[in-house]
Amino acid sequence: MYQKYNNVERVKPSGLELKDHLVGVNRVTKVTKGGRAFGFSAIVVVGDGNGVVGHGLGKSKDVASAIAKAIEDAKKNLIRIPILNQTLPHEQKGKFGGAKVFLKPASHGTGVIAGGAVRAVLESVGVHDVLSKSQGSSNAHNVVKATFDALLQLRSASMIAKERGISLEKVFNG
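Everything in this summary refers to the structure shown in the same document. (Residues numbered from 1 in each chain as written. Predicted model: local features only at pLDDT ≥ 70, side-chain atom pairs only at ≥ 80, totals over all residues. Heavy atoms only, no water.)

### Considering unusual backbone geometry
Even without a glycine there, the phi angle at asparagine 85 is positive, about 55°. Inspection of the secondary structure puts asparagine 85 in the loop between β5 (79-80) and β6 (92-96). (Helix = DSSP H or I, 4+ residues; strand = E, 2+ residues; numbered from the N terminus.)

### A look at the side chain of threonine 147
Its place among the elements puts threonine 147 in helix α3 (residues 140-152). Threonine 147 gets classed as buried once you look at its relative accessible area, which sits at 0%. Leaving out residues up to four positions away in the same chain, threonine 147 has contacts with Val101, Val118 and Val121. (Buried < 20%, exposed > 50% of the residue type's maximum accessible area, 1.4 Å probe, protein only. Contact = heavy atoms within 4.5 Å.)

### Digging into the sheet that holds β5
Read from one edge of the open sheet, five strands run β1-β5-β4-β3-β2, paired in antiparallel fashion. The open sheet terminates on both sides in strands that have one partner only, identified here as β1 (9-10) and β2 (19-32). Where β2 lies against strand β3 (residues 35-47), 13 bridges are found, and the strand directions are antiparallel. Within β3, the position partnered with lysine 30 by the bridge is alanine 37. Lying on the sheet, helix α1 (residues 63-75) is in contact with β2, β3 and β4 (52-60); it crosses β4 at an angle near 145°. Its contacts with the sheet place α3 against β2, β3, β4 and β5, and it is angled at close to 155° to β4. (Pairing = 2+ DSSP bridges. Axes fitted to C-alpha atoms, helices over the stretch in contact; angles between N-to-C directions.)

### A closer look at the nonpolar core
If you look at the biggest cluster of nonpolar residues, it comprises 26 residues, and the most contacted ones within it are Leu103, Leu122 and Leu151. Per-element accounting of this core gives the leading share, seven residues, to α3. When sequence neighbours within four positions are dropped, the list of residues in contact with leucine 103 reads Leu88, His90, Glu91, Gln92, Val118, Leu122, Leu131, Ser132, Ala150 and Leu151. Val11, Val46, Ala66 and Ala74 belong to the second largest nonpolar core, which has ten residues in total. (Core = buried A, V, L, I, M, F, W, Y, C linked by side-chain atoms within 4.5 Å.)

### Structural notes on the pairing of β3
Here β2 folds back onto β3 in antiparallel fashion, the turn holding two residues. Here β3 folds back onto β4 in antiparallel fashion, the turn holding four residues, of which glycine 49 has a positive phi close to 75°.

### Brief notes about a nonpolar patch on the surface
Residues Leu22, Val25 and Val63 make up a contiguous nonpolar surface patch of about 200 Å² in total accessible area. Position of valine 25 relative to the elements: it lies in strand β2. (Patch = residues over 30% accessible without salt bridge, like charges linked within 9 Å, V, L, I, M, F, W, Y side chains within 5 Å. Areas by Shrake-Rupley, 256 points an atom, 1.4 Å probe, with all protein chains shown as cover. Salt bridge = Lys/Arg side-chain N within 4 Å of Asp/Glu carboxyl O.)

### Description of the pattern of salt bridges
Inspection of every chain in the model, using the stated rule, returns one salt bridge. For the salt bridge of arginine 119 with glutamate 123, the shortest nitrogen-to-oxygen distance reads 3.1 Å. You can see arginine 119 and its partner glutamate 123 sitting in helix α2 (residues 116-125), four residues apart, about one turn around the helix.

### A short note on α2
Most of α2 is tucked away: seven of the ten residues are buried. Those residues of α2 not exposed but buried are Ala117, Val118, Ala120, Val121, Leu122, Ser124 and Val125. Of the residues flanking the end of α2, it is glycine 126, one or two places downstream, whose phi is positive at about 110°.

Here you go:
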C-alpha cells in the first residue's frame, strides 16, 4: 500500500492503545435479477494519538460489521508519522485521485483547523496545532488517502540527517 514512500515505518498494533474515528459510511447497491441487494461500506481511521495512524475499509451487509471490518483493516496498515511539538515538522501537499490536501504547521494553541476526513486523520495521529486546506474532490476515501500521502512525505530533522549521513547539528548549521 505504501510502496512509493521510502521512509515508511510500519508499526505492529500489539501494545498500542488505539482509538478509532469513523470517517464515513456509504450504502451501496448491487442490482441482481431478483432486485436490489443493499450493503454498506465504511472507512475508519485508527491512531494512538502519538504519531501512529492507519486507515481501513470494510464492507458488509450491515453497518456494525462493516465498521468492525474497517477497524481490523486499519490496524493492519499502521504507520509512524514524525511529529514535532504537537504539530508537523514542515508544510506538505498530498494528492490522491481528485482530492488535494495542504497541511501547514501552526503555533501552539492554534488547534486543528481542518474539516471532516482530514480532521479525523490528524486527530488520530496526535497533531494538536495545524492548518489545512482540502481542495478538489470531497470524497471521504480520496481525502483520507490524500492526507496520508501528505503525512507519508513528512521528514523529521533526524531522518534528513540520517539520509545525508551527517550529524543533526550540521543539518541546521548547513
